[in-house]
Amino acid sequence: MASFHVIAGASETLEHTRIRKIGVSDLFDALKRGVDDFMVKPSHIVFLCLIYPLVGVVLAVWTSGNNALPLLFPLVSGFALIGPFAAIGLYEISRRREAGLDASWSHAFGVRNSPALPAIAAVGIMLLAIFIAWLLTAQMFYQQVFGPAPPESLSSFISEIFATGRGWTLIILGHAIGFVFAAVVLCTTVVAFPLLLDRDVGAYEAIHTSVRVVLANPIVMAVWGLIVAVALIIGSLPVFAGLAVVLPILGHATWHVYRKVVESPASTRPAD
């Protein structure tokens, strides 16, 4: 039985993962490969990706009360912060397809058998903490701008946001704050989960490698973050339904970005 390890890998030592510099063209090639993965193995969409838009709709209904209205946008947009963890099954599908193995949707749940599961869970908990911190920050910022009293109604809330100076202050500075949270997630997890699926290197090295990837490819990774943000916005427009297509493509593409930017060692996770 594999030992329980989180910070370091199975060898109980911190590995040094080698990375590459890539170009923007590599990102579009990764997207193309992500589309190909999605088109060849689309059946897992029902089990992995419809959950996201359904949760979005539920959140919209749940926050229809006046007290929770200010949290509607932070809740919906904040789910992008835990997206790298939510898409972990998609990375596994791409990994198996790349290895020439059966890549049916059921294997997406095979992640639970990964030797790096404790490290994966640790990084996932980190993302959850960032998500909660974003919600608390958004709530405090709203109360600082508008005060503690809840909106009188949905219509008055929309009017206050888009037709007043303090509403635009909330929009502009709120997006700036959200950008900081999104940048932290991008820098710490851009390749963390694919790396852990591929190699049991430990949570520290997975996060450290992601940071090094961003530092070595700052412009390219910024473009990747922009691509992800725009794709999520487009997918969210038709009542979140478009995310059922956008999310799997981005998830598969992330695996291919990982393959391009992180060098493969002599041995990786054995095919199972």
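Since we're looking at a predicted model, the values are computed, not measured.

A.B. asks: Describe the overall build of the chain, with residues and values.
C.D. replies: Of the regular secondary structure elements, the chain holds 13 helices and 0 strands. Reading the helices (α) and strands (β) of the chain from amino to carboxyl end gives α-α-α-α-α-α-α-α-α-α-α-α-α. Within the chain, buried positions represent 46% of all 272 residues. By sequence separation, contacts in the chain at least 24 residues apart represent 77% of the contacts at least 6 residues apart.

A.B. asks: I'd like a rundown of the packing of aromatic side chains, residues and numbers included.
C.D. replies: Under the criterion given, the structure shown has 6 aromatic pairs. Here Trp255 and Tyr258 contribute two aromatic rings whose centre-to-centre distance is 5.2 Å and whose plane-to-plane angle is 55°, an arrangement assigned as tilted. You can see Trp255 and its partner Tyr258 sitting in helix H13 (residues 243–261), 3 residues apart, about one turn around the helix. As far as the burial class goes, Trp255 and Tyr258 line up, both buried.

A.B. asks: Any details on the nonpolar core? Residues and values, ideally.
C.D. replies: With 53 residues, the main nonpolar core has Leu27, Ile120, Leu196, Met221 and Trp224 as its most contacted residues. Of all the secondary structure elements, the ones that give two or more residues to this core are helix H1 (24–40), helix H6 (88–98), helix H7 (117–146), helix H9 (165–189), helix H10 (192–198), helix H11 (203–216), helix H12 (218–236) and H13. In this view, Ile120 contacts Phe85, Ile88, Val111, Ser114, Phe193, Leu196 and Leu197; residues no more than four positions away in its chain are not counted. Listed in part, the 9 residues of the second largest apolar core include Tyr142, Val145, Phe146 and Leu170.

A.B. asks: Can you lay out the confidence of the model for the chain for me, pointing to particular residues and giving the numbers?
C.D. replies: This prediction gives the chain a mean pLDDT of 83; 82% of its residues lie at or above 70. By mean pLDDT, the top-scoring element of the chain is H11 (95), and the lowest-scoring one is helix H2 (residues 45–48) (54).

A.B. asks: Pulling in residues and values, what's your account of the layout of surface pockets?
C.D. replies: Volume-wise, the second largest pocket comes out at about 610 Å³. As for the second largest pocket, its lining consists of 21 residues, and the residues nearest its centre are Pro70, Phe73, Pro74, Phe157 and Ile161. Listed by contribution, the elements that provide at least two residues to the lining of the second largest pocket are helix H4 (72–78), H7, helix H8 (154–163) and H9.

A.B. asks: Can you explain the pattern of salt bridges? Please cite residues and give values.
C.D. replies: Applying the stated criterion across every chain, the model contains 12 salt bridges. Arg166 serves as the salt-bridge partner of Glu160, at 3.4 Å between the closest nitrogen and oxygen. Residue Arg166 is classed as partly exposed on the basis of its relative accessible area of 40%. Two residues, Arg259 and Asp198, come together in a salt bridge whose shortest N-O distance is 3.0 Å. Pair noted here: Arg259 is in helix H13 and Asp198 is in helix H10, with a separation of 61 residues, a long-range link. With a relative accessible area of 21%, Arg259 lands in the partly exposed category. Counted as one network, the salt bridges with shared partners bring together Asp26, Asp29, Arg33 and Lys260.

A.B. asks: A description of H11 should follow, citing residues and the corresponding values.
C.D. replies: If you check H11, its first and last C-alpha atoms are 20 Å apart, about what 14 residues at 1.5 Å a residue would give, namely 20 Å. By the burial criterion, the buried members of H11 are Ala203, Glu205, Ala206, Thr209, Ser210, Arg212, Val213 and Val214. Those residues of H11 that are buried are in contact with H7, H9, H10, H12 and H13.

A.B. asks: Please provide a residue-by-residue account of a nonpolar patch on the surface, values included.
C.D. replies: Where nonpolar side chains cluster on the molecular surface, the patch consists of Leu154, Ile158, Phe162, Trp168, Ile172 and Leu173 and spans about 610 Å² of accessible area. Of all the secondary-structure elements, those providing two or more residues to the nonpolar patch are H8 and H9. With respect to the element layout, Ile158 can be found in helix H8. When its relative accessible area of 41% is taken as the criterion, Ile158 is described as partly exposed.

A.B. asks: A description of the UniProt feature "transmembrane region" (unreviewed entry) in the chain should follow, citing residues and the corresponding values.
C.D. replies: Mapped onto the present numbering, the UniProt feature "transmembrane region" (unreviewed entry) falls on residues 45–65, 71–94, 115–136, 172–197, 209–234 and 240–258. The annotated region residues 172–197 carries 92% helix and 0% strand content, and the separation between its end C-alpha atoms amounts to 37 Å.

What counts, and at which threshold
Residues numbered from 1 in each chain as written. Predicted model: local features only at pLDDT ≥ 70, side-chain atom pairs only at ≥ 80, totals over all residues. Heavy atoms only, no water. Helix = DSSP H or I, 4+ residues; strand = E, 2+ residues; numbered from the N terminus. Buried < 20%, exposed > 50% of the residue type's maximum accessible area, 1.4 Å probe, protein only. Contact = heavy atoms within 4.5 Å. Phe/Tyr/Trp six-rings, centres within 6.5 Å; stacked < 30°, edge-to-face > 60°. Core = buried A, V, L, I, M, F, W, Y, C linked by side-chain atoms within 4.5 Å. pLDDT = per-residue confidence, 0-100. 1 Å grid on protein atoms, 1.4 Å probe; cavity = no way out; pocket = protein on both sides within 12 Å on 5 of 7 lines; lining within 4 Å. Points joined across faces, edges and corners; volume = space filled by probe spheres on them. Salt bridge = Lys/Arg side-chain N within 4 Å of Asp/Glu carboxyl O. Expected span 1.5 Å × (residues − 1). Patch = residues over 30% accessible without salt bridge, like charges linked within 9 Å, V, L, I, M, F, W, Y side chains within 5 Å. Areas by Shrake-Rupley, 256 points an atom, 1.4 Å probe, with all protein chains shown as cover. UniProt positions renumbered as here; feature names shortened; annotations may be inferred.

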